[in-house]
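Here is how the chains run, residue by residue.
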Amino acid sequence: MNMSNRRRGMTALIWLMISVLVLSILPLMPTVGNAATTNAQNTYYYQNDTQFKHYTRGILRPDQGTIEMTMHPTKPAAESGNDYEFAFAVSPTRNLGNGSNTLLGIYIPPVEENAQLKFVYRINGSESFSGALTSFPYTPGERVNVALTWNYTSENVSRIRLYLNGVQQQLSTKNDIVNEVMITGPLNEDLFSHVLQVEKSEPFHVEQLKISTKELSASELLSLPDSKFQADSDTSLLVKNDMTTVERYRTNWHRATNYHAFAPAWRAETQQFVVGENVIYPMLSLNYSGNVQNYSVQIVAKDPYDRTVLTKSIPIQVQNDGKYAIHELALPELNGQGYYKLKTTVTSAGNPIVSYDSAIAVLPANNTSVTDGVYADFYGFHTKYDWEPKIWTDVNASITRTWADGKVFLWNVVEPTKGAFNWEKTDQYVARNRAAGLEVLGVLGYPSRWAATQPSDAIMQTNTLAHRPERWVPRDPEGEWANYIYQTVSRYKGEVKYWEIYNEVNFNAEPGSGNAATFAGTNAQYLELLKIAYREAKRADPNAQILTSGFSDEANNVSLPTAFFDQENLYQNGTDYFDIYNVHGYRGVGDDSRTTPWINKLKTARPSTEYWMTEQMFHNTAVPVDSRLYSSVEWLVNYLKMGYSKFINMGTFEVFFNRNTLSPEPFYYVQGVFNNKFRKVSSVKPLLTWSGISTITFKVRHSFGLTNGKTLSVIGTDFVNDGPYEIKFNGNIESAFDMYDQPIPITTDTNGNKVMQVPNIAYIESSGPITVVSAVALEARPLLKNNDFIDLPGDYSMNLCKAVPKFWEYLFNPSNGSICTVQGEQAGNYAVQMTASGPERVTIRQAGIAVKESGSYKLSARIKKVADNPNVYLWYQGAKYDSKQMSNMGSDYVTITLDKIPVTAPMSLTVGIGITAGQRGSIVVESVDLVKVETP
């Protein structure tokens, strides 16, 4: 090579090095991809009028970073605090424990937490860190900058700091006031949900957002809230112009780590399908590494009975373009109807990176060849505010109630300051759901602090929820309350027909009820509000239909639900001020139902009035899934047979969808199967014939007429408690399906009876009525049901003491004793506490225990003394009565046992435990057991 060529080569090399250096130091020159692809952004997270969302991967750095937001709040901080209101939130993709629903968040908590602004930083299920401002100092109408920084590095830095307008704040923690909160580790990127969320509407009105992959110092933060954020070499995301312009950058951190990511793009709508739709599994990728990345995704799918139906490996190649991409992995093998549990494992270079558990539901399609019946509109749900209504219309929901995650009509939401109505969320909610064909049941009530009268300390001490101003009584019913009702109903005339006045208002301050959880007023004060609401709603829209509050069967106050009928003159002819009667029947409509007597009084006073059940869900997720699935069908058929016009479920999370993966739970699919069949029902028929067969085991044994002239029979047993049964029928049976809509084989015995094995619920279609000939248990099950009291029906979150464990009865005279369900010895378990103070016994019992085999049995109970030294007796009643007594217990748990209970022929037993008459004291019963110990 000659010298001139060498010089030219050296010059080119120098210019190349300079170019690389310049590119590396220019902060606003994204070297790879400046924006997410349109398809990825618009398909896998929603932008809407009141929320900003963006992919989380590649934006948040786990070990350090900064979130800066400019807020423009229009109401005083004191007007917030009625619920958890998040300005910024990232959810975890795995269950981190009870209450651990946010991985990283900045929020306003309810007032009972004594803070006006808080943050949470969660490493895992046991390590979380938070700090709070007891006063959030801003002036309504003026901007304020809020910044949260975190740093966990090898240089012994471990802290979180909070800034307002560039000034570091002192933080209140559980034990102290500190300048910064110390942390023990970084965030876990594998736990990041695929999107982060920022609130653009009330109460924060976030106008701009900047996220950095570096802990910024006070001098690097924006101190003037009217200024604009500027990007630098550590800015990963900049959102400006009222959260409409999105800029994404490659940062120093991305370069140093050759960052790349590949993870599920979970959203509820991407995990539920209807037969005829193509099943896919979406994965999100982002590649800043400098090289093409190769992954392999293995998906194993199982049906509800744990039978493997699919094992599939799919190679994925991700280009080095710095763009977000969605990879829709086709799963045509799952296009058929069913519920599928998925295990997804991601590998790179042959090494597993991470595994995920999720699920897919493929719902049955509507059979349009059969006409819909009278119950096609029976079912409703509580639609989550930012989810697509298709999720619920696919399970045949016809109405949505604005509670839970959709409280858009509450007074404190639509009129946060006097005279300043804000309809952003209500307009969006109504438009989205009406476009999907859903009716809307709007819940009205719950004032801002400015519109309420603070109750006495004694009332607020009855429940922590009574500290929230929205639970207080409106100060001006004829003025401010009337105006709120009129303005709201007027705006949605022709769009929203149904309006419910307050929620579960019989948790109130009526003397003697002692629990003002939902309303700090009395019966009379609520009925006055109802009367005014009825008048103003009808003035605004004569076609509006007014519902009473959904009266809860878990509340201590059982006088308000029937005050309309029992004391009509006292309560100003209250029966004239509603169109639809409304209950929340968490206890169902069984023998211990409180709601059925209420409905019976309604039928006498107003025979033609509709009655709805507008809220019910499972609160106790510790109960085995199969038991809860069975109960969900039992509830539905019972409410339908009782003549209810609507049944509205609650429980988006914990019941119908997994909070972390947003995957459908079995309940969602089972509900879809039920509704798909019952939308064709035209009439209710008598109970099925069960001659000589226990009605305790087969509580579900109903039949219905279909619009095509056929009969639908529903038979069910609680699989966990009763096991599968073999059932024989007579009749022209055409098909049978279980609760998952899988076919149940039907055979014929030598006598011509149809024979099938029912694992849980059986839907049987026939051309005429069927008769049950016999039912035989196929497996032995524990003699005592719910022996450890774990199965608590109802909304026990409001009042655990009042929740009676399933299959048990409480027997006591309230004047000289009490029985209360309490937290058990171990988390998730429950126990029963009995207290006696008078001449009568206090006891619990379980009746109808079928003992079929001869032999010797042992009855035992695990108990503990709580107060005094009462005499405890364990007893049974069968062919004879016998008991075992114990006193002088210590302070620890002991076992009381009644041995050698003789059984010589099949019999029905009743067993129980309690405190004998004339005793004083208190005990806790942890469990009761009945087992066979000898065979003759």
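All residue numbers refer to position in the chain's written sequence, counted from 1. Under the rules for a predicted model, residues below a pLDDT of 70 receive no local features and side-chain atom pairs below 80 are neither given nor counted, while totals for whole chains, interfaces and linings still include all residues. Water and hydrogen atoms were dropped before computing side-chain values, which therefore reflect all heavy atoms in the structure.

Student: Can you explain the overall build of the protein chain? Please cite residues and give values.
Tutor: The helix count covers DSSP runs of H or I at least four residues long, the strand count covers runs of E at least two residues long, and both are numbered beginning at the N terminus. Scanning the protein chain for helices and strands turns up 14 helices and 54 strands. C-alpha extents for the protein chain along the principal axes are approximately 115 × 70 × 65 Å. Whether a residue is buried, partly exposed or exposed follows from its accessible area with a 1.4 Å probe, protein chains only, as a fraction of its type maximum: under 20%, in between, or over 50%, in that order. The burial tally for the protein chain puts 57% of its 936 residues in the buried class. Residues count as neighbours in contact if any of their non-hydrogen atoms are within 4.5 Å of one another. At a minimum sequence separation of 6, the contacts of the protein chain that also span at least 24 residues come to 71%. Per-residue and other accessible areas were derived by the Shrake-Rupley procedure at a 1.4 Å probe size, with only the shown protein chains allowed to occlude residues. For the protein chain, the accessible surface area stands at approximately 36400 Å², while carbon and sulfur atoms represent 48% of it. For the purpose of counting charges, residues Lys and Arg are taken to be positive, whereas Asp and Glu are taken to be negative. His and the chain ends are not included. In plain terms, the charge of a residue is placed at NZ if it is Lys, CZ if Arg, CG if Asp and CD if Glu. On the protein chain, the mean spot of the 82 positive side-chain charges and the mean spot of the 92 negative ones are 3 Å from each other.

Student: Please provide a residue-by-residue account of the sheet that holds strand 44 (residues 771-777), values included.
Tutor: Pairing between strands requires that DSSP locate at least two bridges from one strand to the other. Strand order in the open sheet formed by 4 strands is 41-42-39-44, with antiparallel pairing between adjacent strands. Whereas interior strands pair on both sides, the edge strands pair on one side only; in this sheet they are strand 41 (747-748) and strand 44. With 2 bridges connecting them, strand 41 and strand 42 (residues 754-758) associate as antiparallel partners. Paired with Thr748 across the bridge in strand 42 is Lys754.

Student: Hey, could you go over helix 12 (residues 625-641) for me, with residue numbers and the actual values?
Tutor: Between its first and last C-alpha atoms helix 12 spans 25 Å; for 17 residues at 1.5 Å apiece the expected length is 24 Å, and the two agree. Taking burial as the measure, the 17 residues of helix 12 include 14 buried ones, the bulk of the element. Looking at the residues trailing helix 12, positive phi occurs at Gly643, about 95°. Expected helix span is given by 1.5 Å per residue-to-residue step, counting one fewer step than there are residues.

Student: Please give an account of the packing of helix 12 against helix 13 (residues 666-678) that cites residues and values.
Tutor: All axes are obtained by fitting lines to C-alpha atoms, using only the stretch in contact for helices, and the reported angles, taken between N-to-C directions, cover 0 to 180 degrees. Axis separation between helix 12 and helix 13 bottoms out at 10 Å; the angle between their running directions is 30°. Classified by the angle between their axes, helix 12 and helix 13 sit roughly parallel to one another. Note on packing geometry: the crossing formed by helix 12 with helix 13 is right-handed. Note on element contacts: helix 13 touches helix 12 through Pro666, Phe667, Val670, Gln671, Phe674 and Phe678, opposite Val625, Arg628, Leu629, Ser632, Val633, Leu636, Val637 and Leu640. The classification used treats Ala, Val, Leu, Ile, Met, Phe, Trp, Tyr, Cys and Pro as nonpolar, Asp, Glu, Lys and Arg as charged, and all other residues, Gly among them, as polar. Its residues assigned to classes, the contact of helix 12 with helix 13 comprises 11 nonpolar, 2 polar and 1 charged. These descriptions rest on fixed angle ranges, namely under 35 degrees for roughly parallel, over 145 for roughly antiparallel, 65 to 115 for roughly perpendicular, and the rest for oblique. Put simply, a crossing is left-handed when the front helix is turned counterclockwise from the back one by less than a right angle, and right-handed when it is turned clockwise.

Student: A description of the sheet that holds strand 54 (residues 920-934) should follow, citing residues and the corresponding values.
Tutor: Taking strand neighbours across the sheet as the criterion, the 5 strands line up as 46-47-54-49-52 in an open arrangement whose pairing is antiparallel. A single partner strand is all that each edge strand has here, and the edge strands are strand 46 (817-823) and strand 52 (894-903). Shown here is a sheet whose adjacent strand axes are inclined to one another by a mean of 30°, direction ignored. Relative to strand 54, strand 49 (residues 855-868) runs antiparallel, the two sharing 12 bridges. By the bridge assignment, Ser856 is partnered in strand 54 with Glu934.

Student: Lay out the nonpolar core with the relevant residues and their values.
Tutor: Here, nonpolar core refers to any group of buried Ala, Val, Leu, Ile, Met, Phe, Trp, Tyr and Cys residues whose side-chain atoms link them within 4.5 Å. Ranked by size, the top nonpolar core spans 107 residues in total, and within it Trp481, Tyr526, Tyr581 and Phe678 carry the most contacts. For this core, the leading source of residues is helix 9 (residues 523-540), giving 9 residues. In this view, Phe678 contacts Tyr375, Val637, Leu640, Phe704, Leu712, Val714 and Tyr763; residues no more than four positions away in its chain are not counted. Within the second largest apolar cluster, 84 residues are counted, among which are Met71, Ile160, Tyr324 and Ile360.

Student: Describe the packing of helix 8 (residues 477-491) against helix 9, with residues and values.
Tutor: It is the contact of helix 8 with helix 9, at a shortest axis distance of 8 Å, that shows an interaxial angle of 40°. Classified by the angle their axes make, helix 8 and helix 9 are oblique. The chirality of how helix 8 crosses helix 9 is right-handed. Only Glu528, Leu529, Ile532, Ala533, Arg535, Glu536, Ala537, Arg539 and Ala540 of helix 9 make contact with helix 8, whose side of the interface consists of Pro477, Glu478, Trp481, Ala482, Ile485, Tyr486, Val489 and Ser490. Considering only residue class, the contact of helix 8 with helix 9 consists of 11 nonpolar, 1 polar and 5 charged.

Student: Could you give an account of the confidence of the model for the protein chain, with specific residues and numbers?
Tutor: Within the protein chain, residue pLDDT values average 90, and 94% of them lie at 70 or more. In this model residues 1-39 is a low-confidence stretch, pLDDT under 50, and it forms 33 contacts with partners more than four residues away in sequence or in other chains. Per-residue confidence from the predictor is reported as pLDDT, a score between 0 and 100.

Student: Any details on the side chain of Glu202? Residues and values, ideally.
Tutor: As for its position among the elements, Glu202 is in the loop between strand 13 (195-199) and strand 14 (206-212). Engagement of the side chain of Glu202 in a polar contact is seen with the side chain of Thr74, the distance being 3.1 Å. Each residue touching Glu202, except ones within four places of it in the same chain, is listed here: Thr74, Lys75, Pro416, Asn422 and Lys425. Polar contacts here mean pairs of N or O atoms no more than 3.5 Å apart (in protein, one a potential hydrogen donor and the other a potential acceptor; neighbouring residues in sequence count only if both atoms are side-chain atoms).

Student: Residues and numbers for the environment of Tyr356, please.
Tutor: Among the structural elements, Tyr356 can be located in strand 24 (residues 351-363). You can call Tyr356 buried: its relative accessible area is 3%. If near-sequence neighbours (up to four positions away) are discounted, Tyr356 is found in contact with Arg57, Arg94, Phe262, Ala263, Pro264, Trp266, Tyr281, Leu342, Lys343, Thr344 and Val346.

Student: Describe unusual backbone geometry, listing the residues and the values that go with them.
Tutor: A negative phi angle is the norm for most residues apart from glycine, just as the trans form is the norm for most peptide bonds. In this structure, Pro203 follows Glu202 across a cis peptide bond, with omega equal to -5°. Along the chain, the position of Pro203 falls in the loop between strand 13 and strand 14. Of note in the backbone geometry, Asn258 takes a positive phi value of approximately 50° without being a glycine. On the secondary structure map, Asn258 appears in the loop between helix 3 (252-257) and strand 17 (260-264).

Student: Residue-level account of the pattern of salt bridges, with values.
Tutor: Every case where a carboxyl oxygen of Asp or Glu lies within 4 Å of a side-chain nitrogen of Lys or Arg is listed as a salt bridge. Inspection of every chain in the model, using the stated rule, returns 47 salt bridges. As a salt-bridge pair, Arg267 and Glu269 come within 2.9 Å of each other at their nearest N and O atoms. By the burial criterion, Arg267 is buried, and Glu269 matches it. We note a salt bridge from Asp372 to Lys680, for which the minimum N-O separation is 2.8 Å. You can see Asp372 sitting in the loop between strand 24 and strand 25 (379-381) and its partner Lys680 sitting in the loop between helix 13 and strand 36 (681-684), a full 308 residues away along the chain. Residues joined by salt bridges that share partners form a network here, namely Glu478, Arg535, Glu536 and Arg539.

Student: Tell me about the packing of aromatic side chains, residues and numbers included.
Tutor: What characterises a pair of aromatic rings is the spacing of the ring centres plus the angle enclosed by the ring planes. We call Phe, Tyr and Trp rings a pair once their centres come within 6.5 Å, taking the six-membered ring for Trp, and we label the pair stacked below 30 degrees between planes, edge-to-face above 60, and tilted otherwise. Counted by the stated rule, this structure contains 52 aromatic pairs. Plain terms: the ring middles of Trp392 and Phe656 are 6.5 Å apart, the flat faces sit at 90° to each other, and that makes the pair edge-to-face. Pair noted here: Trp392 is in helix 4 (residues 390-393) and Phe656 is in the loop between strand 35 (646-649) and helix 13, with a separation of 264 residues, a long-range link. Comparing Trp392 with Phe656, the two get one shared label, buried. Aromatic rings pair up to connect Trp403, Trp411, Tyr446, Trp450, Trp481, Tyr484, Tyr502, Phe519 and Tyr526 into one cluster. Cation over ring: Arg539 sits above Tyr486, and NZ or CZ is 3.9 Å from the ring centre. The criterion for a charge sitting over a ring is simple: Lys NZ or Arg CZ within 6 Å of the ring centre, and within 35 degrees of the ring normal. Note that Lys646 overlies the ring of Trp612, its terminal NZ or CZ placed 5.8 Å from the centroid.

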